[in-house]
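Here is what each chain is made of, one letter per residue.
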Amino acid sequence: MADEALELEPLTPFTGRRMEQAIAAVRAAIDDGRMKPGVKYSVYQLAEGLGISRTPVRDALLRLEEVGLIKFEARQGFRILLPRPKEIAEIFAVRLALELPAVRKAATVADSTLSDALLRQRRLMQDAAAGGDEHEFAHHDLGLHDLILDAADNARARAIVKTLRETTRLLGANTADRTRTLTDIDDEHAPIIDAIIAGDPDGAEAAMRVHLVNTGKLLVTQAVLSDDSGLSVDEIWSAVIA
């Protein structure tokens, strides 16, 4: 039994997986306030509102439960949970530990093939930013970081970072159009790429640190707005990241 009515628009025809479309619909409903944290909703209610079967809805909710965005309750019920600031800080602590050594190594092994790939990926990000396409931009942003991790030749680190980025994506944690534009985010990648191509590991590490810390703190700041811990962003950040 749901606590309140849920107004959703039926999903449009889609050639991809309905589960992914359902995930996007839940995130959009949370963002615009149609689905509220703490309110109990039902799988049947969500499936009916989206105009699809319950199977992809359950699959979508299981993914969202894995990353902590929803919590299942008895009899097909679930509630929206907001990410805690400390959880976001922890994600970026791990990313800093893995991506800083990776970008240093990328800068030491960079050749024309890697340089061309990084520049090509940056152009895709710029095109997406110019078109205001947040989904495409996020996809190419992930691709750029993945190229760097691949160049560092650490498959385990690459897989972990990809999972962490997916977690923040599913949580809806995104700074675009809230505290900075897609172009602002794209601009932060320029010194990283320039330092890698120049074979400057110190510069590459410094630029990556600035980018990750800036992004992490902005996301923690957003989460603090809906958190009741009473801690400041700096207190949360310094407690997790030395």
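## So, the overall build of the protein chain
- A tally of helices and strands in the protein chain yields 10 helices and 3 strands.
- Beginning at the N terminus, the succession of helices and strands in the protein chain can be written as α-β-α-α-β-β-α-α-α-α-α-α-α.
- Against the globule reference of 18 Å for 242 residues, the protein chain gives a C-alpha radius of gyration of 19 Å, in line with a compact fold.
- In terms of overall dimensions, the protein chain has C-alpha extents of about 60 × 45 × 30 Å along its principal axes.
- For the protein chain, buried positions account for 44% of its 242 residues.
- Summarising the internal contacts of the protein chain: among those between residues at least 6 apart in sequence, 73% fall at separations of at least 24.
- Counting only carbon and sulfur atoms, one obtains 52% of the accessible surface of the protein chain, whose full area is about 12,300 Å².
- In the protein chain, the 29 positive side-chain charges and the 39 negative ones have mean positions that sit 6 Å from each other.

## Comments concerning the packing of aromatic side chains
- Per the stated rule, a full pass over the model turns up 1 aromatic pair.
- With a centroid separation of 6.0 Å and an interplanar angle of 40°, the aromatic rings of tyrosine 41 and phenylalanine 78 are classed as tilted. With tyrosine 41 in strand 1 (residues 40–42) and phenylalanine 78 in strand 3 (residues 77–80), the pair connects residues that are 37 residues apart, well separated along the chain. In terms of burial, tyrosine 41 and phenylalanine 78 fall into one category: buried.

## Looking at unusual backbone geometry
- Within the chain, aspartate 153 stands out as a residue other than glycine whose phi angle is a positive 60°.
- Tracing the backbone through its elements, the reader meets aspartate 153 in the loop between helix 6 (134–151) and helix 7 (155–171).

## Quick look at the environment of glycine 230
- With respect to the helices, strands and loops of the structure, glycine 230 is situated in the loop between helix 9 (201–224) and helix 10 (233–240).
- As a C-alpha pair, glycine 230 and leucine 114 span 116 residues in sequence and 45 Å in three-dimensional space.

## Regarding the confidence of the model for the protein chain
- For the protein chain, per-residue confidence averages 89 on the pLDDT scale, and residues scoring 70 or more make up 94% of the total.
- Model confidence for the protein chain, summarised as mean pLDDT per element, is weakest for helix 7 at 84 and strongest for helix 5 (residues 112–130) at 97.

## Considering the packing of helix 1 (residues 18–31) against helix 3 (residues 54–66)
- Closest axis-to-axis distance for the helix 1/helix 3 pair is 8 Å, and the angle between their directions is 60°. Compared by their axis directions, helix 1 and helix 3 come out oblique. The chirality of how helix 1 crosses helix 3 is right-handed. Each of Arg18, Met19, Glu20, Ala22, Ile23 and Val26 in helix 1 lies in contact with helix 3, whose residues at this interface are Pro56, Asp59, Ala60, Arg63 and Leu64.

## Remarks on helix 3
- In this model helix 3 runs 18 Å from its N-terminal to its C-terminal C-alpha over 13 residues, within 8% of the 18 Å that 1.5 Å per residue would give.
- Every buried residue of helix 3 is accounted for by Pro56, Val57, Ala60, Leu61 and Leu64. Along the axis of helix 3, the buried positions cluster into a sector of 135°, meaning they face one direction only.
- Phi turns positive, to about 90°, at glycine 68, one or two residues after helix 3.

Conventions adopted
Residues numbered from 1 in each chain as written. Predicted model: local features only at pLDDT ≥ 70, side-chain atom pairs only at ≥ 80, totals over all residues. Heavy atoms only, no water. Helix = DSSP H or I, 4+ residues; strand = E, 2+ residues; numbered from the N terminus. Rg over C-alpha atoms; globule rule 2.2 N^0.38 Å. Buried < 20%, exposed > 50% of the residue type's maximum accessible area, 1.4 Å probe, protein only. Contact = heavy atoms within 4.5 Å. Areas by Shrake-Rupley, 256 points an atom, 1.4 Å probe, with all protein chains shown as cover. Lys, Arg positive; Asp, Glu negative; His and termini not counted. Charge placed at Lys NZ, Arg CZ, Asp CG, Glu CD. Phe/Tyr/Trp six-rings, centres within 6.5 Å; stacked < 30°, edge-to-face > 60°. pLDDT = per-residue confidence, 0-100. Axes fitted to C-alpha atoms, helices over the stretch in contact; angles between N-to-C directions. Parallel < 35°, antiparallel > 145°, perpendicular 65-115°, else oblique. Left-handed = near helix turned anticlockwise from the far one by under 90°. Expected span 1.5 Å × (residues − 1). Arc of directions from axis to C-beta.

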